[in-house]
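Read off the chains here:
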Amino acid sequence: MSDTQPVTLHGRTYQLPKKPTVIICVDGFDPEYLADGLAAGILPNMASLMRTGFHATAQCSMPSVTNANNVSIITGAPTSVHGIATNYFLDRATGAESMILDDSLMRGSTILAEMAARGVRVTAVTAKDKLRRILQRGLPPGSCLSTQLASEEVLAWLGRAARPEQYSADLSLCVLDAGTRMLRERRVDLLYLTLSDYVQHNHAPDAPEARAFMAAVDDAVGACLALGAVVGVTGDHGMSDKGGAPPLYVQDVLERAFGGPGCARVVCPIADPFVAHHGALGGFVRVYVPASHAAQVPAMVAHMRGFAEVETALEGAEAAARWEMPADREGDFVVVATEGAVLGAREAEHDLSGLEGRRLRSHGGLSEQDVPVLLSIPVKDGKKTREWKNYDIFDIALNSQ
C-alpha cells in the first residue's frame, strides 16, 4: 500500500485493512433466515462469528430496497448524504421515470474508492449488473464485476462454461466463488460481495431451498475465514410474506377519490430489472402531485392512512427528515405498507406473470428494515448502546482490526 493514512469519508474515519477483509451483503437477509439456520444447525460459521466476534440486529436505510442500501453500505452513510434512495425514480424536472442503473445520481465518493486511492487492492463482485455500474464509482478499471454479465474470461477463470441464470440461487453462489478464489490467489485486500435476493423472494426461511442457500453462504464465510480474512456479513434489507392479501394499488385509490387521472403519480421505488422477483410491488411508494392538486396533499395523506394495508403515510419533507432521505428528491408524500401488505401504482401497470403463481414475498417498508450484522472479530465499541445500521459494517470491520 502506497499510503497508510486512514480514509475519512462523510464524517467517519476508516483504518486501512491490516488483514484481508471481506464484506458480504446477503440481499434480503431478514433476521428470520439467520434464526432458522442457527436453529437447524446449518450455519456453523455464522454461529462461530456470533460466539467469538460480534452480532447485532441493525436497521437498513429507508426505503428498504437494494440500491439505496448497497450505496449506504459502501459509503457508510444514510441516503440523505449519498442521494440514492430508490431503485426507480421520477425526475421532477423532466417528468420522466427511470431505473437507477449507474452512479450518475450519486453524491460523493465511496469507502471502496477512497481505499483504492490509498493503494488498497479493492474488488467488488455483485450478482446484479445494475449494481456493478454503481459500485465501480471511482474504482480502477477491472475492479468491479457482476456474475449476471460475467465475461468469458471471468467464467473461464471460475471454471464455468456459462453465466448463471439471472433468476437462480447460483447467481449469488458464483459471487461467493469469485470472492473466495480472489482471496486464495491473494489478489485483494478489501472485498465487497453483494448477492441477489432471488431465494428470499421465492422461499420462506424454513423452506429446503432457503436452507440450502444459507448453508452455502455459510460455507463461503467459512472458506474466507480459513484463508485468514476478517469477515463481515450484513443485508441490504429484510423480507416479508406479502401473500395474505391483495395488493393495494395506491394510484387507483387516489384517482377514485381525488378527481381521476392526473391528480397524482405513484412511483414504486422497488422496481428494477429483476421484476420477476416482486412485480414492482413493495412496501413503500412515493406520490407526486401536480401543482393543480397541491392543496389536496394533506387530504390525500389522511385518506391513505385510513387503509388497513397502510402502516403510515407522511408528507415528503417529514418522511425525508424522519428516515434520513434526500429531501430534494422526495415525493410530495410517501405511503408505507404494513408487514403483510404490499403497495403498487395502477393495477394495470403491474405485470405479475413472473410470479408464476407463487406466494408473493417482498420488501421496501419499515417491517423489512431489520437485518443482521455479523463480524468475525470483536467490535471495539460493541458494548456501547447504539442503534446499529447495516452501513456500520465497514466501520466495525476496518476499525476493530
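Since we're looking at a predicted model, the values are computed, not measured.

> Sorry, what's going on with the nonpolar core here?
Soluble globular proteins tend to pack their nonpolar side chains together in the buried interior. Membership of the largest hydrophobic core comes to 42 residues, with the highest contact counts inside it found for Leu112, Met115, Tyr192 and Phe394. A per-element tally of this core places helix 14 (residues 393-399) first, with five residues. Apart from the residues within four sequence positions on either side, Tyr192 is in contact with Ile23, Cys25, Asn70, Ile73, Ile74, Leu112, Thr123, Ala124, Val125, Leu135 and Phe394. If you look at the next biggest cluster of nonpolar residues, it comprises 41 residues, including Ile24, Phe29, Val154 and Leu171.

> I'm lost on the sheet that holds strand 7 (residues 122-126) in this one. Help?
Here we have seven strands laid out as an open sheet, ordered 4-19-10-3-9-7-8, and mixed in their pairing. For this open sheet the edge positions go to strand 4 (54-59) and strand 8 (144-146), each flanked by a neighbour on one side alone. Each strand axis lies, on average, 15° off the axis of its neighbour in the sheet, ignoring direction. Bridge count for strand 10 (residues 230-234) against strand 19 (residues 370-375) is three bridges, and the pairing is antiparallel. Following the sheet pairing, Gly232 is matched in strand 19 by Leu375. Contacts between helix 1 (residues 31-40) and the sheet are confined to strand 4 and strand 19, with strand 19 contributing the most and set at about 55° to the helix. Of the strands in this sheet, strand 3 (21-25) and strand 10 touch helix 10 (residues 208-226), which is tilted by about 155° from strand 10.

> Teacher, can you tell me more about the sheet that holds strand 15 (residues 310-315) here?
In any sheet, the strands associate via hydrogen bonds between backbone groups, in a parallel or an antiparallel arrangement. Read from one edge of the open sheet, four strands run 13-14-16-15, paired in antiparallel fashion. Whereas interior strands pair on both sides, the edge strands pair on one side only; in this sheet they are strand 13 (265-267) and strand 15. Looking at each pair of strands side by side, their axes are set apart by 20° on average, direction ignored. Both strand 14 (residues 284-288) and strand 16 (residues 333-337) contribute to a ladder of four bridges, which runs antiparallel. Considered in strand 16, the bridge of Val287 is made with Phe333. Relative to the sheet, helix 11 (residues 250-257) contacts strand 13, strand 14 and strand 16, its axis offset from that of strand 13 by approximately 165°.

> Looking at this structure, I do not really get helix 2 (residues 44-52). What am I missing?
Given 3.6 residues per helical turn, the α-helix brings residues three or four places apart onto the same face. All of the buried residues in helix 2 are Met46, Ala47 and Leu49. All buried residues of helix 2 lie within an arc of 155° about the axis, which places them on one face of the element. Of the exposed residues in helix 2, those oriented more than 90 degrees away from the buried face are Arg51 and Thr52. For helix 2, the elements touching its buried residues are helix 1, strand 4, helix 10, strand 10 and strand 19.

> Can you walk me through the domain arrangement of the protein in this structure?
Reports of interface size often rely on the accessible area that becomes lost once the parts have come together. The assigned domain composition of the protein is domain 1 (7-239 + 368-400) and domain 2 (242-360). Of note, the centres of domain 1 and domain 2, computed from C-alpha atoms alone, are 27 Å apart. Counting residues at the interface gives 33 residues for domain 1, matched by 29 residues for domain 2. Of all residues in domain 1, Met62, Arg92 and His201 bury the most surface against domain 2, accounting for 22% of the area lost on that side. For the pair domain 1 and domain 2, the number of links is four salt bridges.

> Teacher, can you tell me more about the pattern of salt bridges here?
Any two side chains of opposite charge can pair, on the condition that their charged atoms come close. According to the stated counting rule, one finds 24 salt bridges in the structure shown. Residue Asp27 is joined to Lys128 by a salt bridge in which the shortest nitrogen-to-oxygen separation is 3.0 Å. Taken together, the positions of Asp27 in the loop between strand 3 and helix 1 and Lys128 in the loop between strand 7 and helix 6 (129-135) put the pair 101 residues apart, joining distant regions of the chain. Of the two residues, Asp27 and Lys128, neither departs from the other in class, the shared state being buried. The network of salt bridges with shared partners includes Glu97, Glu255, Arg265, Arg346 and Glu349.

Conventions we followed
- Residues numbered from 1 in each chain as written.
- Predicted model: local features only at pLDDT ≥ 70, side-chain atom pairs only at ≥ 80, totals over all residues.
- Heavy atoms only, no water.
- Core = buried A, V, L, I, M, F, W, Y, C linked by side-chain atoms within 4.5 Å.
- Buried < 20%, exposed > 50% of the residue type's maximum accessible area, 1.4 Å probe, protein only.
- Helix = DSSP H or I, 4+ residues; strand = E, 2+ residues; numbered from the N terminus.
- Contact = heavy atoms within 4.5 Å.
- Pairing = 2+ DSSP bridges.
- Axes fitted to C-alpha atoms, helices over the stretch in contact; angles between N-to-C directions.
- Arc of directions from axis to C-beta.
- Domains from an automatic or database assignment.
- Buried area = accessible area lost by both parts, 1.4 Å probe.
- Salt bridge = Lys/Arg side-chain N within 4 Å of Asp/Glu carboxyl O.

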